[in-house]
Amino acid sequence: MTTTTATLKASVTTALRPSEENTQGQASYRYANLLPYFSQDHYPPLTFFEHADPGHRALNHTNPRSFLDNAVVVELTPKLGSEVHGVNLAVLSNDARDELALEAGAFCTLLIFKSHGEEFLCSEISMNSSTEAPNFTKLGAFCKSVTRDENTTYNFEVDESITTTLWHSDVSYELQPPGLTTFFLLSQPTTGGDTLFTSQISALKKLSPQFVAFLRTLKAVHSGVEQADFSRSGKRGGIVRREPVENVHPVVRKHPVTGEEALYVNRQFTRRIVDLKREESAREKYQETVSETLLKFLYDHIDKSADNQVRVKWQPGTVVLWDNRITAHSAIVDYKESTERRHGARITPQAERPIGALELDLN
């Protein structure tokens, strides 16, 4: 779904296979040309741009939810997730796309569309890409191919962990992380491979007002270095196309359209809270710092708040859209022993630099 004029190519990313010469050994797989392909290309640093959120335009519509007029909507939980039937994403007008962006950011934060076929896949991949390919018109720019099968994985997996659950907001280390994100699977295991989502708005609201007031004053470092080093070690294809970055973001961010506040830390990419001194809590050599203690508490709060979460079970034709600014998610890699393939495409246009609930110096 095209929501900005800028594209996001993450520090560690995969391209989509551009030609048949890269599909050897995968000839029997229908989407072999869309499997990850690791070229030696290197990208320059991303540059700042002014982001215009399409949800703002939808606010001026007579009915900002008119694209759902003929749809059946099933609310999956009180806090997060709506399953939508009867909307064809491939033929939405520009006004309807704006309303879709507002719906994801203002009302629901997670939209699950069912029964979409190749018409949608072709339209989305061709709109958000730039390289010719055999089965689809264009591939590349926005699209990131993610896959796991019996031989390979391009996930950020840590074998020595007791769980594959790792809550995160996509590439939050970028200066302008993604907003509305689209994800769909081209192939899924018979069972397993679900995705967990959680509302960071609800997570914040569960905390005491005094504690939230303190969190609003804080900012934290988000880093892509560990993920890049993971690839440099020979995993995930071993290619780092853009040098990793670290950026400072508010611990509590504000949605640019709705003004809703959300917790903005995640276990995968948030590294430390800045401007807190070690001596403030580290009285002994191995005692946690204030930053470590706070982040550990917030990570545990996100992990354990099942009443803020929804679990998406993938079926052929399922398309999920979420607002990356106010949610977190985790893949569930529970299908390794089956040796079945899980192969998807994610479209992640950039959004604004995170806006703090308070005005903070983020430089």
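Residues numbered from 1 in each chain as written. Predicted model: local features only at pLDDT ≥ 70, side-chain atom pairs only at ≥ 80, totals over all residues. Heavy atoms only, no water.

As a further point, take the overall build of the chain. On a plain count of helices and strands, the chain comes out with 7 helices and 18 strands. When the accessible surface of the chain is split by element, carbon and sulfur atoms take 48% of a total near 16400 Å². (Helix = DSSP H or I, 4+ residues; strand = E, 2+ residues; numbered from the N terminus. Areas by Shrake-Rupley, 256 points an atom, 1.4 Å probe, with all protein chains shown as cover.)

Glancing now at the pattern of salt bridges. A full pass over the atoms with the stated rule returns 18 salt bridges. Here Glu261 and Arg216 are joined by a salt bridge, their closest N and O atoms 2.8 Å apart. Of the two residues, Glu261 is situated in strand β12 (residues 261-263) and Arg216 in the loop between α5 (209-215) and β9 (219-223); the sequence distance between them amounts to 45 residues. The exposure class of Glu261 is partly exposed, given its relative accessible area of 22%. A residue is classified by how much of its surface remains accessible, and Arg216, at 25% relative accessible area, is partly exposed. With its nearest N and O atoms 2.9 Å apart, the salt bridge here joins Arg325 to Asp323. Note on Arg325: relative accessible area 4%, which makes it buried. (Salt bridge = Lys/Arg side-chain N within 4 Å of Asp/Glu carboxyl O. Buried < 20%, exposed > 50% of the residue type's maximum accessible area, 1.4 Å probe, protein only.)

The next subject is helix α6 (residues 225-232). Looking at α6, one finds that the buried residues are Gln227, Ala228, Phe230 and Ser231. Viewed along the axis of α6, the buried residues span an arc of 155 degrees, placing them on a single side of the element. A positive backbone phi angle near 105 degrees is found at Gly234, which sits one or two residues after α6. (Arc of directions from axis to C-beta.)

A word on the pairing of strand β16 (residues 327-331). Counting buried positions over the 5 residues of β16 gives 4, a clear majority of the element. One ladder, built from 5 bridges, connects strand β8 (residues 195-199) with β16; its direction is antiparallel. Counted as the bridge partner of Phe197 is His329 from β16. (Pairing = 2+ DSSP bridges.)

Given two aromatic rings, one states the distance between the centres and the angle between the planes to describe the pair. Tallying each qualifying case throughout the model produces 5 aromatic pairs. Look at Tyr173 and Phe269: their rings are 5.0 Å apart centre to centre, the planes differ by 85 degrees, and that puts the pair in the edge-to-face class. With Tyr173 in the loop between β6 (143-148) and β7 (180-187) and Phe269 in the loop between β12 and β13 (270-273), the pair connects residues that are 96 residues apart, well separated along the chain. Between Phe183 and Trp314, the ring centres sit 5.3 Å apart and the planes meet at 70 degrees, which makes this aromatic pair edge-to-face. On the criterion of sequence distance, the pair formed by Phe183 in strand β7 and Trp314 in the loop between β14 (309-312) and β15 (319-323) is long-range, its members being 131 residues apart. Comparing Phe183 with Trp314 shows no difference in burial state: the two are buried. One residue, Arg253, lies across the ring of Tyr264, its end atom 4.6 Å from the ring centre. (Phe/Tyr/Trp six-rings, centres within 6.5 Å; stacked < 30°, edge-to-face > 60°. Lys NZ or Arg CZ within 6 Å of the ring centre and 35° of its normal.)

What follows is about the sheet that holds β13. Strand order in the open sheet formed by 3 strands is β10-β9-β13, with antiparallel pairing between adjacent strands. The open sheet is flanked by β10 (246-250) and β13, the only strands paired with a single partner. Across this sheet, the average inter-strand angle for adjacent strands is 30 degrees, counted without regard to direction. Sheet topology note: the β9/β13 ladder contains 3 bridges and is antiparallel. In the strand pairing of β13, His222 is matched with Thr270. (Axes fitted to C-alpha atoms, helices over the stretch in contact; angles between N-to-C directions.)

Interpretation note: all reported values are geometric properties and have no functional meaning in isolation.
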